[in-house]
Structures are given as structure tokens and as C-alpha cells.
Amino acid sequence: MKILRDHAILGAVAVFLIAFPFLIALLDGQSIGAMLAGQSGNSKFYQGLLIEIFILAIFAISYDLLFGITGLLSFGHAMFFSVGAYTAGIALKSLKLPLPETLVLVVFAGVAQALLFSIVLPRVKGITFALVTLGFASVFHIVIMSHELNDWAGGDVGLQNIPKPALLDPANQRLTFYFVALALMLLVYLFYRRFVDSPTGRVCSAIRENEHRAQMLGFNTFYFKLAALIVSGITAALGGALHALYQPIVSPTSASLGYTVNALLIILIGGVGTLSGALVGAAAFRLLQFYLDKLFGESSSFILGVVYVALVLFLPYGIIGTWRAKKLEWRAAWQARWRAWSAARPRGK
Amino acid sequence: MTTIIGTIRKNRTQTITLAALILSFLLAIQGMETGDWIITILRGLSVAAVTFLVASGFSLIFGLMDVLNLAHGTLFMIGAYVGWTAYVRPDTLLDLATPAALFFAGLLLLPLWDRWLSRVRLAPQAARGLPWLALALGVGALAFGFARYPITGWDVTVYDKSPVVFGVQLDLGQLDLPAPAIVGAEQLGVSMLCLFAGGGLIALGLTLLESRNRIAAATTRVPWRALLLALGLALGGLALFAWNDALTAFLVAAGTTWRFLIAVIVATLVGAGLGALMESTLIRPLYTRPIYQLMLTLGLGVIGREVVIALWGRTQMQMPKPALFNTIGQGCPAQTIFDALANQCSTISFMGSRIRTYNEIFIFIVGVIVLIVVWLLLQRTRIGMIIRAGVQDRAMVEALGINVRQVFTFVFALGVGLAALGGVLAGPSMGVSDDMGESLLLSALIALAIGGLTSFPGAAAGSLLVGLLQQFIVKYGQIGIALPFLEQPFKPTPPLVPASTLLLMVIILLALPNGLFGRKE
């Protein structure tokens, strides 16, 4: 029961998301049978949109662990995602591996990158670490685009025609894919919650607040940062693998600075260091992008820029962050209003 | 002697890194013929100068205020576009000057509002809604007035009247400016009044917003200086309007060299103004939560780029070189720099190859001048002293009772002005396009990381390294490197140009985490 009480909102959201495809089908007048059979329609379309959000959320939450919780600003996080996507794609396409082996490979790739980033950890801090990671990611971006790797990675077009496993084919089995992505996102979220509340996670937060003090308390901060990097690397790589399975093409831009900036924007929108902010932010980010594109066409990025500026000015700590900071204040204000209203109301005759 | 050895011993890694850099530089020279490496170095210096203009502004802003201004690349691009307008379309520039002057005259009423507000006590409900009402009304009046003001511009949607065509026309020497639009006196008066009122209302809104966070009343004196300045600006704007046609004719007749000078000045000033505006309105509330500055500057960068695309179109535009550097013909290519200046040559022949006077000489000289001027400003003036002190310890400077806010605004304006200057200088050599800012921001960031993020000499050294490395890789891409175990000479491909600078950055940062000249934290 305690779990339910602690995660009441999460449970409600999960139930809503599970029911979502069916709800849309009902609203749309599509029969449940047709929807389950994967026929095209609004339900299938919105499932696709939500899958993209789930993937983005997994990517963003891994960035939140690194930056929001541990305080490591990385400008190369897109590489974690991209390596996962390319590893999965190449393993399935060129090496013809089955899915489980591919996923194991992806996890190994995630750990390997985390180790690569950790080599520079003891030497560079703060913004310099961000720039070095940017260097790594940009070199990876350039390598993956080079002509020499055309047969493997597809050059600057990207990796195409990845054979999808029959059970998880986003074209025919989108509902299954939807539930798998949803489950993975929720699992990742719950695991991260647990990780952040664990003693290790507490030390990670301490490193963000004041690394010297954490060291003075006797923690070897390197190991904790490494742990955060590895967890984050594996998660992002898994998100990337999901991306490779879902999208028809894995583009090399997924390793570019712009993609890292997306993750940064998502957690800034949601609230830095809140974890749930990454999920909310991913939804807000993707939906904003989608609907602004639909409404304004070419000038949508202008509106998006205005929205960012407005968010910074009016939601000073992101959606979840501002909510947490102002929750009590707002509640008190509403209660006061309610009291004033009920006092002013003429009592029964 | 002992002190030198002492310094070297203390900075052993630095010395080794510098030695390795010099060694690899000499090796790179070894593989080329004399004419080739000299021209490659000159090209590298030119790229370095533009990179330096962006990087130094970025580093000043980051050093003093800890703001990573990711809109810097966009501001560089805006500089190029504004410069292009002043250069190719002087009539549009003059038409725009009057509304701008009126608007700023309105904005300068701010201290007057301030004084008025210190006497009036607003009800809390009014204080919440009124600023936004004033701001909205101000923007509305501005839009209304501006839409009715006659501006001879261009039309992005019609090819014959698009900016691209005017650029090409100027390049061919047959610039054909459209006839100015004529509107009635009544509409003109209304639009001018609206522009002035818009500025005044926006100032009122800003004052009201500000006054909510203030405890005590600020000023009681009548702000004569600001009022006089406002009056002067308004009158100046009107005078510009009265002599608009004569001035346009004068500017068109003055020739491209003078117009280029005006373009440089206008672009720098507009950049500085934009910087001051950005800092004082948007960045200032965010000093307490630094990471959100990233989001804000990113958003501003996107907005700026979209505005530029909406106003000037997506197509890359030509910005012809000024006449002083653009003649082919008698006495050209020149033998010496003086000949080149006398004959206005576009190239100088040197050891069998040609050096372009604009790209390889002029840009570099401007870069060096800016380097010296800013260095003198930092080292020899009072404000420079405050800036240097602020970079070291901001809290201490504030505690000493120095108005750091004004210094912040000044530095932001200076930094953005430098970027805009870089943009207008790069216009004729790189071409004016909406993606010119991004790649340059990345190179500038790399240069700063190499040189040391907050160090001014570091910005220069880093830009130099980045520029030289890029140009050497480009040159070796043409002639190839003879490597010992390869049959064919190895030719670096274009993607290796950015990759090489990134690798250099990573290597240097791993050896020296604070960059070549950065101070230890």
C-alpha cells in the first residue's frame, strides 16, 4: 500500500498511458479489434508519437542523472544515445544477431562509453569536462558520417533498412512496441528513483552540491561519478537501441550537439534534478514541437524559441521544479481564497 | 636567467605543450613549398582573426558574468546581415534610422517614469497587471507605427526584388535602388507619434516591473541628461527624415569603400545595442540560476535566426568586397602592399602565389587592431580594471561598492559588438548566410577551450591555433601528406578539418585542464 501512496501520481499516469490507445480508438470510433490488429488510424498515430516521447524521456532522464543529480555537465551525451542506436542497428543488420544478443551488446557499448568518458574525469571539471565530452561526441559524429564506413553506418544519410524483429515491428506490432517502450520508461524511472534515494545516489547529489565537502567526508567521488556515468550510459544506449528499432532510419545527427541540447532543453523544461521532470519535459518538448510544426509550419522554430524564453522567465525552475517550489504557496493561497469565499457566503437560513 | 628557468620549471606541462605545438607547426611547414606555407599561414591568420572576434567577446562575457552566451553565433550572423544592409542598401538603412531614433527617444523616458513612480503608490492589484498592460500597449503602438512608416526595402518573396539580387547588382556595379515609398503627412505624423509612444510605454512597463522588486524609492532628481538625450535623438531622427533623399544620394555616390566603413560601424553599434538590451532585460533576472541562461540564450539564438530568415530570406547573399580591395586591372596584381593600396588591387602576387588583400591582409589587420584596443581597454582604463577584478572575484568587486550592473551591461554590449564586427568583416569573404554563425561559434568555443576560457590572451592564442590548424589541413587536403608507410600521399578529407581542431582541443585540455593560458581555479 505504501508503494501506491508514494507513487500515486505515477500510478495514475501509468494507468492512463496503458488505457490511452484504447481511449483514442474509442473516441475515434475505431473498433478495439481493428486497433489491436494494428490497422492505421488516429490511435496508431498517437501511439507512434508517444513512443517517440518515451524514447526521448529515457534519453533525457539519463541526462538528468548525469547533470541534474550528479552535476556533471556533458555536451557529448548524444553520443551515448547514438552509439546505442548504431550498435543495435549494425548488430541487427550487418552482424545478423538476434535481439537479446544485440541488447547485451548495446549494454556493453553503454558501459564502454561511460568508461571512455571516465578516463578524463579526474583531469577536467565543470565546463572543461563539457567541452571535452563535446569533443568526443563530435569526433564520433564525424567518424560515423565518413565515407569509409558507408557500408556499415550509411554515411551522412544514416543507417537504413534495419531488420526489425517480427514481434516488435513498429509497422505491424505498434501496440506491442508501445507497451514495451512504456514499460521500459517506467522501469527506468523507478530504477532511477531507487538509485537516487540509495546511499550511492545521495553521495551523487552531495557531489553536485559540493564536491570538496564530499571528498572531505571520505568519499572517493570518482567512483560515484563513474557509477552515475555507467548507469546513465547504459540507459541512454538502451534508449538509442529502442530508437533504432522504432525509426526507419538512424541519422548521424543523433550524435550531434543539437541532440544533446534537446536533452538539456527537456530537463530544463521539466525541472533539473527532479527525474520526473525529464518525463514531463519530454512530453512537453515533443508535443510542442509537433503541434507548433502542424500549426505554423516553417515559422514554428521561431515560436518554439519564444516559448523557451517565456518558460525561462515564467517557470523559473521548470514545470516540476516550479511546482515543487510553489506547491505549498499555491495551496495556501487557494485555501485562503476558499475560506474568504465560504466566510462571505450567506449561511443557510 | 634563473627566473626564466624557474618559470619554465613551474609551468612544465605548459612548456612541453607549447614546444610540441611549435614542433608540429615546423613539421607542417616542412612538408610544403615556401609559397604554399606562407599563404596557408596568412589564410590561417585571417580565419583566426574572425574566430578571435567572436571568441574574445564570448570569453569576456563568460569570464565576468559566467554566462555561456550560446546566441553569440547568431549575433555574429546578425552583424553580417545588418552590415550587408548598410552596405548594399543605404536607403533602407536611412529609412530605418528615423523610427529607431524615435523609439529610443521614447525609451529614454525611463528615468522620468522612475521619478514619477517614486511619488505614486500603486495598489497591489494595479501593480500586478499594469506593467504587462503598458508593455502590451507599447508593443502594439510600435507595431502599428512601424507598419505605417514608409521604408524602401526589398521583397523576399519576389525574386527580382529579393536581397540576393541587390547583392549581385552591386557586385556587377549596376545597383538600382527602388524609388522611395511616399505616404501622406498625416499618416507619417501618426506613425512617428506611435513609434515614440511605443518606446515610452515600453519604458513605463519596464519601470513598473522593476519597481515591484524594489524596496526604497531610487531617484528624486529630474533626469535632465536623459531628457536632453531623448530630445536630441528625436530631433536627430526628424532631421534624418528631412534630409533622407539627399543623404541617400550622398551615400550611394560615396562608393563602396566608405559605405563599407559605415557598414562596419553600424553593424558594431547595432550588435552592441542588442547586447545591452539582451543583458538588461533578459539575462539580468537569471544570474541566480545560471543553467537557465543556457536555455534562454539558445532560445534567443533560434529566434534571431528565424527573424533573419523572415527578413532577408534563406538564400545565401553576396556581399561584394569594397572597392579598395576589389580591382583587377592596371598594375594588379601588385608587387607590394603600397602598390596594392595605390591601385586598389584585389590581390598581391607573392612568390608565385596570389594573396587576396581583403581576405588575407585586411581582416587580419583589423583583428590585430581590435586585439590591441581591447587589450589596452582592459589593462589601462578604469573600467578595464573593474572588468579584470570582476573576472577574478565578482563578489569582492560588488562589496567594494562598484556598480557592477552597469559594467555587466557594458561588457555584454562590448562582447556582442565584437561578434557583430566579426560578422560584417566575414561577410565579403565567407558570404552572408543564415548558418554562418553556428560553425563559427563552435570554432570559437574550441579556441577558447584551448587558450583558457576566461583569458583574453588565451582567446587570441586559441584562435590562432584553430585558424592555422584548419588552413593547414585544408591545404594538405589539396597537396597530400607523404607518410612513410603509404604509397599514395595521404589527403585529409574535409570532415577532418573540424575533427582535427576538436582533437587538438581534447588533447590540450587533457594535458592542461585550464587551457594554455587559463588560471587555475
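Throughout, residues of each chain are indexed from 1 in the direction in which the sequence is written. Ligands are numbered from 1 and chains lettered from A, in the order in which they are written. Note on the predicted model: pLDDT of at least 70 is required for a residue's local features to be given, and 80 or more for side-chain atom pairs to be given and counted; whole-chain, interface and lining totals, by contrast, use all residues. The side-chain numbers reported here are obtained from all heavy atoms of the structure, hydrogens and water having been left aside.

Concerning the overall build of chain A
Then step 1. Working definition: helices are DSSP H or I runs of at least four residues, strands are E runs of at least two. Numbering for both runs from the N terminus. Counting its regular elements, chain A contains 16 helices and two strands.
Then step 2. The globule rule is 2.2 Å times the number of residues to the power 0.38, and the radius of gyration it is compared with is taken over C-alpha atoms. In terms of overall size, chain A behaves like a compact globule, its C-alpha atoms giving a radius of gyration of 22 Å where 349 residues would be expected to give roughly 20 Å.
Then step 3. With the C-alpha coordinates aligned to their principal axes, the bounding extent of chain A is approximately 85 × 65 × 45 Å.
Then step 4. Categorising residues by exposure relies on relative accessible area from a 1.4 Å probe, with only protein chains included: less than 20% of the type maximum marks a residue as buried, more than 50% marks it as exposed, and the intermediate range marks it as partly exposed. With 349 residues in all, chain A has 52% of them scored as buried.
Then step 5. Excluding contacts between residues fewer than 6 apart, the proportion of contacts in chain A whose partners are at least 24 apart in sequence is 75%.
Then step 6. Using a 1.4 Å probe, accessible areas were evaluated by the Shrake-Rupley method; residue-level cover was limited to the displayed protein chains. Summed over all atoms, the accessible surface of chain A reaches about 16,500 Å², with 67% contributed by carbon and sulfur. In this analysis, two residues are considered to be in contact whenever any of their non-hydrogen atoms come within 4.5 Å of each other.

Side note on the side chain of B:Thr98
Then step 1. Relative to the helices and strands, B:Thr98 resides in helix H5 (residues 90-107).
Then step 2. Filtering out sequence-adjacent residues up to four positions away, B:Thr98 remains in contact with B:Tyr149, B:Met192, B:Gly237, B:Leu238, B:Leu240 and B:Phe241.

Focus: a nonpolar patch on the surface
All names here are of chain A.
Then step 1. Think of a patch as exposed residues, more than 30% relative accessible area, with no salt bridge, where like charges cluster within 9 Å and nonpolar side chains (Val, Leu, Ile, Met, Phe, Trp, Tyr) cluster within 5 Å. Here, a salt bridge means any side-chain nitrogen of Lys or Arg that lies within 4 Å of a carboxyl oxygen of Asp or Glu. A contiguous nonpolar surface patch, about 470 Å² in accessible area, is contributed by Phe16, Leu23, Leu26, Ile32 and Leu36.
Then step 2. Contributing elements (two or more residues each) for the nonpolar patch: helix H2 (8-28) and helix H3 (32-36).
Then step 3. Mapped onto the fold, Leu23 is located in helix H2.

Some details on the interface of chain B and chain A
Then step 1. Contact residues are listed per partner, giving 35 residues for chain B and 36 residues for chain A.
Then step 2. For the pair chain B and chain A, the two sides together bury roughly 3,100 Å², of which 83% comes from carbon and sulfur.
Then step 3. On inspection of chain B and its partner chain A, the count reaches zero salt bridges.
Then step 4. In protein, a polar contact means a hydrogen-donor-capable atom and an acceptor-capable atom, both N or O and within 3.5 Å, with residues adjacent in sequence counting only if both atoms are side-chain atoms; elsewhere, any N or O pair within 3.5 Å suffices. At the junction of chain B and chain A, the tally comes to six residue pairs in polar contact (both at pLDDT 80 or more). By convention, the term buried area covers the 1.4 Å-probe accessible surface removed from two parts as they join, with the contributions of both added.

Things to note about the pairing of strand E1 (residues 347-350) of chain B
Residues and elements named next belong to chain B.
Then step 1. Note: E1 against strand E2 (residues 353-356), four bridges, orientation antiparallel. Each residue of the ladder has a partner; that of Ile348, found in E2, is Ile355.
Then step 2. Here E1 folds back onto E2, and the loop between the two strands holds two residues, one of which, Met351, carries a positive phi near 50°. Here, any two strands with at least 2 DSSP bridges between them count as paired.

With respect to the packing of aromatic side chains
All names here are of chain B.
Then step 1. Pairing of aromatic rings covers Phe, Tyr and the six-membered ring of Trp, with a centre-to-centre limit of 6.5 Å; geometry is then stacked below 30 degrees between planes, edge-to-face above 60, and tilted otherwise. With the rule as written, the count across this model stands at 36 aromatic pairs over all chains.
Then step 2. An angle of 35° between the planes, with centres 5.4 Å apart, marks the rings of Tyr358 and Phe362 as tilted. Residue Tyr358 and its partner Phe362 are both found in helix H15 (residues 357-380); the two are separated by four residues, about one turn of the helix.
Then step 3. Whether a charge sits over a ring depends on NZ of Lys or CZ of Arg being within 6 Å of the ring centre and within 35 degrees of the ring normal. A cation over an aromatic ring shows up here: Arg89 above the ring of Phe166, its NZ or CZ 4.2 Å from the ring centre.
Then step 4. Across from the ring centre of Phe144, 4.0 Å away, lies the NZ or CZ of Arg148, which sits over that ring.

A short note on the nonpolar core
A general tendency of soluble globular proteins is for nonpolar side chains to be buried together.
Then step 1. The biggest cluster of nonpolar side chains holds 209 residues, and the ones touching the most others in it are A:Met185, B:Met65, B:Met295, B:Ile450 and B:Met505.
Then step 2. If you tally residues by element for this core, the top one is helix H4 (residues 42-69) of chain A, at 18 residues.
Then step 3. Apart from the residues lying within four places of it in its own chain, the contact partners of B:Met295 are A:Leu265, A:Leu268, A:Ile269, A:Tyr308, A:Leu311 and A:Val312.
Then step 4. Residues B:Ile348, B:Ile355, B:Ile361 and B:Leu468 belong to the second largest nonpolar core, which totals 18 residues. Buried Ala, Val, Leu, Ile, Met, Phe, Trp, Tyr and Cys residues form a nonpolar core when they are joined through side-chain atoms within 4.5 Å.

Here's the deal with the pattern of salt bridges
Residues and elements named next belong to chain B.
Then step 1. For the structure on display, the rule yields eleven salt bridges over all chains.
Then step 2. Of the charged contacts, one joins Glu438 and Arg305 as a salt bridge, the two residues approaching to 2.4 Å between their closest N and O atoms. On the criterion of sequence distance, the pair formed by Glu438 in helix H19 (residues 436-451) and Arg305 in helix H13 (residues 290-312) is long-range, its members being 133 residues apart.
Then step 3. For Arg356, the salt bridge goes to Glu360, with nearest N and O atoms at 2.9 Å.

Considerations on the packing of helix H7 (residues 126-145) of chain A against helix H21 (residues 496-511) of chain B
Between two packed helices, what matters for the description is the angle formed by their axes and the separation of those axes.
Then step 1. Direction vectors running N to C along H7(A) and H21(B) enclose 145°, while the axes themselves pass 9 Å from each other. Where H7(A) crosses over H21(B), the two elements pack in a sense that is left-handed. Across from A:Thr128, A:Leu131, A:Val132, A:Gly135, A:Phe136, A:Ser138, A:Val139 and A:Ile142 in H7(A), the residues of H21(B) making contact are B:Pro498, B:Ala499, B:Leu502, B:Leu503, B:Met505, B:Val506 and B:Leu509.
Then step 2. Under the convention adopted here, Pro, Cys and the residues Ala, Val, Leu, Ile, Met, Phe, Trp and Tyr are nonpolar, Asp, Glu, Lys and Arg are charged, and Gly plus all remaining residues are polar. Of the residues that constitute the contact of H7(A) with H21(B), the class distribution is twelve nonpolar, three polar and no charged. Helix axes are fitted to C-alpha atoms over the stretch in contact, other axes to C-alpha atoms as well, and angles between N-to-C directions run from 0 to 180 degrees. Here is the rule for handedness: rotate from the far helix to the near one, and if that takes an anticlockwise turn smaller than a right angle the crossing is left-handed, while a clockwise turn gives right-handed.

Considerations on the environment of B:Lys475
Residues and elements named next belong to chain B.
Then step 1. Its place among the elements puts Lys475 in helix H20 (residues 456-479).
Then step 2. As a C-alpha pair, Lys475 and Leu261 span 214 residues in sequence and 32 Å in three-dimensional space.
Then step 3. Once residues lying within four places of it in the same chain are set aside, the contact partners of Lys475 are Met32, Asp36 and Thr40.

Regarding the confidence of the model for chain B
Then step 1. Within chain B, residue pLDDT values average 86, and 97% of them lie at 70 or more.
Then step 2. Scored between 0 and 100, pLDDT is the confidence that the predictor attaches to each residue. For chain B, helix H14 (residues 337-343) of chain B is the element with the lowest average pLDDT, namely 75, and helix H4 (residues 72-88) of chain B is the one with the highest, namely 93.

Describing the packing of H19(B) against H20(B)
Residue and element names in this part refer to chain B.
Then step 1. Following both chains from N to C, one finds H19 and H20 inclined at 120°, their axes separated by 7 Å at the closest point. The angle between H19 and H20 places the two elements in the oblique class. Relative to H20, the crossing made by H19 is right-handed. Residues Ser443, Ile446, Ala447, Leu448, Ile450 and Gly451 of H19 form the contact with H20, whose participating residues are Gly458, Ala459, Gly462, Ser463, Leu465, Val466 and Gln470. Should an angle fall under 35 degrees it is called roughly parallel, over 145 degrees roughly antiparallel, and 65 to 115 degrees roughly perpendicular, with every other angle called oblique.

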